[in-house]
Structures are given as structure tokens and as C-alpha cells.
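Below are the chains, spelled out letter by letter.
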Amino acid sequence: MKIGILISGRGSNMVALVDAVKSGEILDSEVAVVISDKANAAGLEKAKDRGVEIVVVGRNRRSREEHDAEIIAELKKREVELVCLAGYMRLLSPGFVQAFPNRIVNIHPSLLPKYPGLEVHERVLAAGETVSGCTVHFVDEGLDSGAIILQREVPVNVDDTVESLSARVLEQEHGAYVEAVKRIVSGRL
Ligand code: GRF
């Protein structure tokens, strides 16, 4: 299965997926391209170091639809079948979602449906939650609202900061994303 990964920043989930494909943990697949909407995304260098083709598709004051159309074209050109959002910080247009029906997935650092959107860990801590975690889900036209594939929980400690909690969740994200993509690629989903 040809995989395309969209990033906007650090790219640690992207690295987890690329490494799992390269090591054979995710079988019968290839990361065909890593696309970023930000030219300065730190993840780009990490993808390049791993021999994965990188493409920057900047927004350049275009509408969401125009921007997405260029990304769709880059993905289709490489016959990408599965799109993995990995810290991609833009909401997809309906046209993008429809271009890859049930074949776009995302990782989110909360136990959805709780805490969709941004500043997740801040809100989890402010609410006094004792458990948090991450969710891999299919992408639909809403915000972090598509069908859930899998979740992993972590404890929230009384002395947690945004940094300590996000690090604990991120550790689970990498394994969760690899597991979810494995299930999709192997046809178990
Ligand atoms: C992760 O916490 C992910 O859940 C969220 O954005 C962050 C991206 O981190 N969607 P990275 O770029 O994969 O390191």
C-alpha cells in the first residue's frame, strides 16, 4: 500500500511510521511521499534523511480548496492509497476527504471524543482528568470527529505539566499509529 504522510512540524509520528515501514513492521507498504504545508517543518529533514521524497505545498494565500487540490494532485500522482495526517495543522476541505474515502487517518493527543481541537493537554490538566491518551481515527469532514480506530491511555499525574503529559502521550502515539496503519494495510480494518 502506498502511503502519503502530511506534516506541519516536528514529524515524530511520521518518523515512527516511516521507520516501521522500513523495518518491515508494517508489511507490504511504502511511504511514497511526505508533504508539508510549512517549508520550515523540522520533520522534512527527518524524512529526507530516511530517503523519503519530500514536497512542500505552501498555502500561498490560496483558498483551502485550491491548496488541498494541489496536495491531492501530488498524492494521486504517486498513486497514494492511504493518507496519514501526522501533526498536520490544517483542517481538510470536504473535497480532500471525498478524494480518499475512508483512506485518511489522523492521530490526536486525547481520548476522543473528549478534547478535539488544539491545546489538548492544557485543557486535560485544567479539567483535573486522571487519565488521558491518544486516538487514531479516520478523518471525516468534521474536527477530530471520524470513526475511532484505536486508543491508548496514559495516567495523568498530579504534578504533571503540559510538557510531561504531552511527552507521556506522545510515546503512546507512535506505537498506536503504527498499530493502526498495520491493521489497515493488512486489511483487518
Ligand atoms: C501530536 O501530538 C499529534 O497527536 C498531533 O500533533 C502532534 C504532532 O507531533 N496531531 P509530531 O509532529 O508527530 O511530532
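Computed from a predicted structure; not experimentally measured. (Residues numbered from 1 in each chain as written. Predicted model: local features only at pLDDT ≥ 70, side-chain atom pairs only at ≥ 80, totals over all residues. Heavy atoms only, no water.)

Student: What is the right way to look at the site of the ligand in this model?
Tutor: Around the ligand, the neighbouring residues are R10, G11, S12, N13, G87, I107, H108, P109 and E173. S12 is positioned such that a nitrogen or oxygen atom in its side chain is 2.5 Å from an oxygen atom of the ligand. Within the backbone of I107, one N or O atom sits 3.0 Å away from a nitrogen atom of the ligand. When the ligand sits alone it has 360 Å² of accessible area, and the protein chains cover 84% of it. Breaking the shell around the ligand down by element, the ones donating at least two residues are helix 1 (12-22) and strand 5 (104-108). (Near = heavy atom within 4 Å. Polar contact = N/O pair within 3.5 Å; in protein donor to acceptor, adjacent residues only side chain to side chain. Areas by Shrake-Rupley, 256 points an atom, 1.4 Å probe, with all protein chains shown as cover. Helix = DSSP H or I, 4+ residues; strand = E, 2+ residues; numbered from the N terminus.)

Student: How should I be thinking about the nonpolar core in this particular structure?
Tutor: As a rule of thumb, nonpolar side chains are buried together in soluble globular proteins. Counting residues in hydrophobic clusters, the biggest one holds 41 residues, and the most contacted among them are I5, M14, C84, Y177 and V181. By residue number, the principal contributor to this core is helix 6 (residues 162-185), which donates nine residues. Each residue touching Y177, except ones within four places of it in the same chain, is listed here: N13, L17, C84, L85, A86, V105, N106, I107 and V136. The next biggest cluster of nonpolar side chains, apart from the first, holds 19 residues, and it includes I71, V83, L92 and F96. (Core = buried A, V, L, I, M, F, W, Y, C linked by side-chain atoms within 4.5 Å. Buried < 20%, exposed > 50% of the residue type's maximum accessible area, 1.4 Å probe, protein only. Contact = heavy atoms within 4.5 Å.)

Student: Please explain the sheet that holds strand 4 (residues 82-85) as it appears in this structure.
Tutor: Strand-to-strand pairing in sheets goes through backbone hydrogen bonds, with the strands running parallel or antiparallel. A sheet is described by the order of its strands in space; here seven strands give the open sequence 3-2-1-4-5-6-7, paired in mixed fashion. At either margin of the open sheet sits one strand with a lone partner, and together these are strand 3 (54-56) and strand 7 (148-155). Strand-to-strand twist of the sheet, defined as the mean angle between neighbouring strand axes without regard to direction, takes the value 20°. One ladder, built from three bridges, connects strand 2 (residues 30-36) with strand 3; its direction is parallel. Across the sheet, the residue bridging to S36 is V56, located in strand 3. (Pairing = 2+ DSSP bridges. Axes fitted to C-alpha atoms, helices over the stretch in contact; angles between N-to-C directions.)

Student: Can you help me understand helix 6 in this one?
Tutor: Because each turn of an α-helix spans 3.6 residues, side chains separated by three or four positions end up pointing in the same direction. For helix 6, with 24 residues, the first-to-last C-alpha span of 33 Å sits near the 34 Å given by 1.5 Å per residue. Buried within helix 6 are the following residues: L165, V169, L170, E173, A176, Y177, V178, A180, V181, I184 and V185. (Expected span 1.5 Å × (residues − 1).)

Student: Honestly, the pairing of strand 1 (residues 2-7) in this entry has me stumped. Any pointers?
Tutor: Successive side chains on a regular strand alternate, one facing one side of the sheet and the next facing the other. Of all six residues that make up strand 1, five are buried, and the element is covered over most of its length. The pairing of strand 1 with strand 2 spans six bridges and is parallel. Within strand 2, the position partnered with I7 by the bridge is S36. On the question of chirality, the crossover connecting strand 1 to the parallel strand 2 by way of helix 1 is right-handed. Inspection of the sheet shows strand 1 paired to strand 4 by four bridges, in the parallel sense. Its bridge partner being in strand 4, I5 is matched across the sheet by C84. (Right-handed = clockwise from strand over helix to strand, strands pointing away.)

Student: Which parts of the structure should I look at to understand the state of the cysteines?
Tutor: Disulfide: a covalent bond connecting the sulfur atoms of a pair of cysteines. With the rule as written, the count across this model stands at zero disulfides. Free cysteine C84: the closest other cysteine sulfur is in C134, separated by 14 Å. For C84, a relative accessible area of 0% gives the class buried. (Disulfide = S-S within 2.5 Å.)

Student: What am I meant to see in unusual backbone geometry here?
Tutor: Backbone geometry follows two general trends: most residues other than glycine have a negative phi, and most peptide bonds adopt the trans configuration. With omega at 10°, the peptide bond leading from L112 into P113 counts as cis. Topologically, P113 is positioned in the loop between strand 5 and helix 5 (120-126). Although it is not a glycine, N60 sits at a positive phi angle of roughly 50°. By the secondary structure assignment, N60 is in the loop between strand 3 and helix 3 (64-77). Overall, the relative accessible area of 61% leaves N60 in the exposed class. Unusually for a residue other than glycine, E119 sits at a positive phi of about 50°. Looking at the secondary structure, you find E119 in the loop between strand 5 and helix 5. The class for E119 is exposed, based on a relative accessible area of 56%.

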